[in-house]
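Examining the three-dimensional arrangement
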Amino acid sequence: MTLEFNKQTTDELEALCKRYPKREAALLPALRLLEREFGSVSEEGMKLVARLIGVSPATVYGVVTFYTHYRRPTDGKFMLQVCATVPCALKGGVSLYKHLSGRLGITNGQTTPDGVVTLKKVECLANCDNAPCMQVNDWYYDRLTLPVVDGMIESMRAGTWKPVRMGYNIPKHKYEPVLLKHVLEKDSETIAHYLGRGGYKAAEKALTTLKPADVIDIVKKSGLRGRGGAGFPTGTKWSFVPQASPKPRYLVLNDDESEPGTFKDKMLTERDPHAIIEGAMIAAYAIGSHDIYWYLRGEFPLGAKIAQQAVDEAYARGFLGPNPCGTGYRLDITVHRGAGAYICGEETGLLSSLEGQRGNPKIKPPFPAVEGYFRCPTIVNNVATIASVPLIIANGPEWFRKWGTEKSPGTMIFSVSGHVERPGLFEAPLGIPLRELVFDLAGGVKGGRKLKAVVPGGISSGVLTPEEIDVKMDFDSLAAIKSMLGSAGVTVLDETVCMVDTLWNTLRFFHHESCGQCTPCREGTGWLEKILRRIENGHGRPEDLQLLLDICDGMVGRTICVLADAAAMPTRSIVTKFKAEFEAHIEKKRCPMKGAAAPQPATAGAH
Ligand SMILES: Cc1cc2nc3c(=O)[nH]c(=O)nc-3n(C[C@H](O)[C@H](O)[C@H](O)COP(=O)(O)O)c2cc1C
Ligand code: SF4
């Protein structure tokens, strides 16, 4: 059967295509339209999209199969995506998945015979403070228990299931929030609220009274460093855009937030989208760009809806469009949804995805600032970086330097998850001791248990022992002890946690998310995962510890992007700092944390 879109969808698609430099860039949104109109992405649908976008069906198939988030014709009415990555696993995410699998009689990716439910075990949903969690179609469900999920299944089968919108989790503490100041206020996502608190005045100031070079200078003086992971100085990055280039310039907002343990961007997007839009206006003006793309991860449908509503409001009030703040400096923002792939957070992978391709990273140099989106100068910034810009322009660089350290100024939104009394988002000055963050702000280890380890900057960072938690939470202090601040996703592990199991889970994540272009990453993450599986299941060999480290040596610095390095960093730190625990697994031929059960088959996929 040949499919066709109805008139409304056809018109929407045509309007969408006009928002990108090339028609093929609209491929991911076109697949979302296909999903919306026909309920799923079928092979016939792929042919339709290929014809309308002007690419081959094989290209569309290649793209669809790269991402995990598109609904397929065999999927059930309800898609249950259960997070089993480390922060959720610490709170029972894996048990939750196993319970659902047993109850429904299906395994990962399968659909119940009645076509009601499809079950998927997925990687981090950026909701770690509410672990264990799952997504049902477009909706998040927090802090789940087995009776609650049983009730949900009943209601799905009875046809009485109704979506529930979950609340937000920002514990009060001694530091005054700056970026998070308004996010819990009613209607904080609306333009009326934003204007009521002085919103868009900084953009007006920048666009009407400052030259682009002045804006860059102010941001440089503030010392703002990227909040997406690498901590690169923002103003300096903006200054890399070649002024003489005749090509169009682009600004891309990175809202792909997929680093396990990190959930700050989701909050800013859903509760303060106008701060992101205003920051984007200023940043685009500073780099000489007129076209801004706001790339959100596919798992944020609510965020995408709120972002689009906010963008529409900004157009309606004239902040976006041909004449922002009466300047005639055209500014357009296009909200673009990804489709489930961690690697699309890496800036060149993101740009590939935004070009309508598989999210494969590209070799640097050239860096995106010089040759990025469709080979034009492009700045990619994290949305929390961008949301900081209006405050810096409004209050000046010295105001921003009131917080933080000389080299890491400002506040940071720390995402704290795992075994703490009060998980959630904590905005605090950069440079506060990790001990203060865990034991004071987040209330200490849950239930008075002993601390075993802390992941300080997302799962890609080197794990710290209790002896190391006096480290200051800033970019340089963590780098000095061979870890990193990254995206400031702090996950706390108590004494009951098996570090071998935790590392196995971590490597399963990286192996799953490797795009596969580079052999050291594709094979290396797979080998690491397999070795950890055998150690955890009682089949480890004494030489395995050195083998794990040797494999890491073969991965670091040898690949297109740093996902391979990101997999090696926690591996090296856990294997060296918790060596005795690995040796105990190998000696006892079982996981000592799980009692004296018989060894599992070496191939068992307990996760
Ligand atoms: C594997 C990988 C995943 C990444 N994921 C994200 C992400 O989800 N969000 C993000 O902002 N940056 C992510 N980054 C960092 C980006 O590549 C890039 O440095 C960042 O968007 C730049 O913005 P900033 O300077 O404002 O931090 C990732 C990097 C790597 C290597
Ligand atoms: S390092 Fe891994 S994720 Fe990055 S490009 Fe190579 S294979 Fe892909």
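Residues numbered from 1 in each chain as written. Chains lettered and ligands numbered in written order. Predicted model: local features only at pLDDT ≥ 70, side-chain atom pairs only at ≥ 80, totals over all residues. Heavy atoms only, no water.

**Some thoughts on the sheet that holds strand β5 (residues 250–255)**
Spatial strand order, β7-β6-β5-β8: four strands in an open sheet with parallel pairing. Across the chains shown, the open sheet's two edge strands, defined by having one partner strand only, are β7 (332–337) and β8 (378–382). Between one strand axis and the next, the sheet turns through 20° on average, direction left out of account. Strand direction decides the pairing type here: β5 and strand β6 (residues 291–296), joined by six bridges, are parallel. Bridging across to β6, Asp-255 finds its partner in Leu-296. (Pairing = 2+ DSSP bridges. Helix = DSSP H or I, 4+ residues; strand = E, 2+ residues; numbered from the N terminus. Axes fitted to C-alpha atoms, helices over the stretch in contact; angles between N-to-C directions.)

**Brief notes about the confidence of the model for the protein chain**
On average, residues of the protein chain score 95 in pLDDT, and 98% of them are at 70 or above. Within the model, the stretch residues 596–607 combines pLDDT values under 50 with 25 contacts to residues more than four positions away or in other chains. (pLDDT = per-residue confidence, 0-100. Contact = heavy atoms within 4.5 Å.)

**Notes on the side chain of Thr-9**
As for its position among the elements, Thr-9 is in helix α1 (residues 7–17). Setting aside anything within four residues of it in sequence, one finds Thr-9 in contact with Leu-33, Arg-36 and Glu-37.

**Here's the deal with the pairing of strand β1 (residues 78–83)**
With six of its six residues buried, β1 lies for the most part within the structure. Every second residue of β1 is oriented toward a common face, with Phe-78, Leu-80 and Val-82 on one face and Met-79, Gln-81 and Cys-83 on the other, all of them buried. As defined by bridge partners, β1 adjoins strand β2 (residues 117–122) across six bridges and the pair is classed as parallel. Paired with Gln-81 across the bridge in β2 is Lys-120. Here β1 pairs with strand β3 (residues 134–136) via three bridges, running antiparallel. (Buried < 20%, exposed > 50% of the residue type's maximum accessible area, 1.4 Å probe, protein only.)

**Structural notes on the pattern of salt bridges**
Within the structure shown, the criterion is met by 34 salt bridges. Its salt-bridge partner being Lys-7, residue Asp-11 comes within 2.6 Å of it at the nearest N-O pair. Of this pair, Asp-11 and Lys-7 both sit in helix α1, separated by four residues, roughly a single helical turn. Classification of Asp-11 by relative accessible area gives partly exposed; the value is 39%. The network of salt bridges with common partners includes Arg-103, Asp-150 and Glu-154. (Salt bridge = Lys/Arg side-chain N within 4 Å of Asp/Glu carboxyl O.)

**Thoughts on the packing of aromatic side chains**
What characterises a pair of aromatic rings is the spacing of the ring centres plus the angle enclosed by the ring planes. Enumeration according to the criterion identifies 18 aromatic pairs in this entry. Taking 5.0 Å as the distance between ring centres and 75° as the angle between the ring planes, the aromatic pair formed by Phe-66 and Tyr-67 counts as edge-to-face. A centroid spacing of 6.3 Å and a plane angle of 70° characterise the contact between Tyr-342 and Phe-510, whose relative ring orientation is edge-to-face. With a gap of 168 residues between them, Tyr-342 in the loop between β7 and α15 (347–354) and Phe-510 in helix α20 (residues 499–513) connect regions that are remote in the sequence. Relative accessible area serves as the criterion here: at 0%, Phe-510 is assigned to the buried category. (Phe/Tyr/Trp six-rings, centres within 6.5 Å; stacked < 30°, edge-to-face > 60°.)

**Focus on the sheet that holds strand β4 (residues 139–141)**
With mixed pairing, the four strands of this open sheet are ordered in space as β2-β1-β3-β4. Two strands lie at the open edges of the sheet, namely β2 and β4, each paired on one side alone. Taken over all neighbouring pairs, the strand axes of this sheet differ in orientation by 25° on average, direction set aside.

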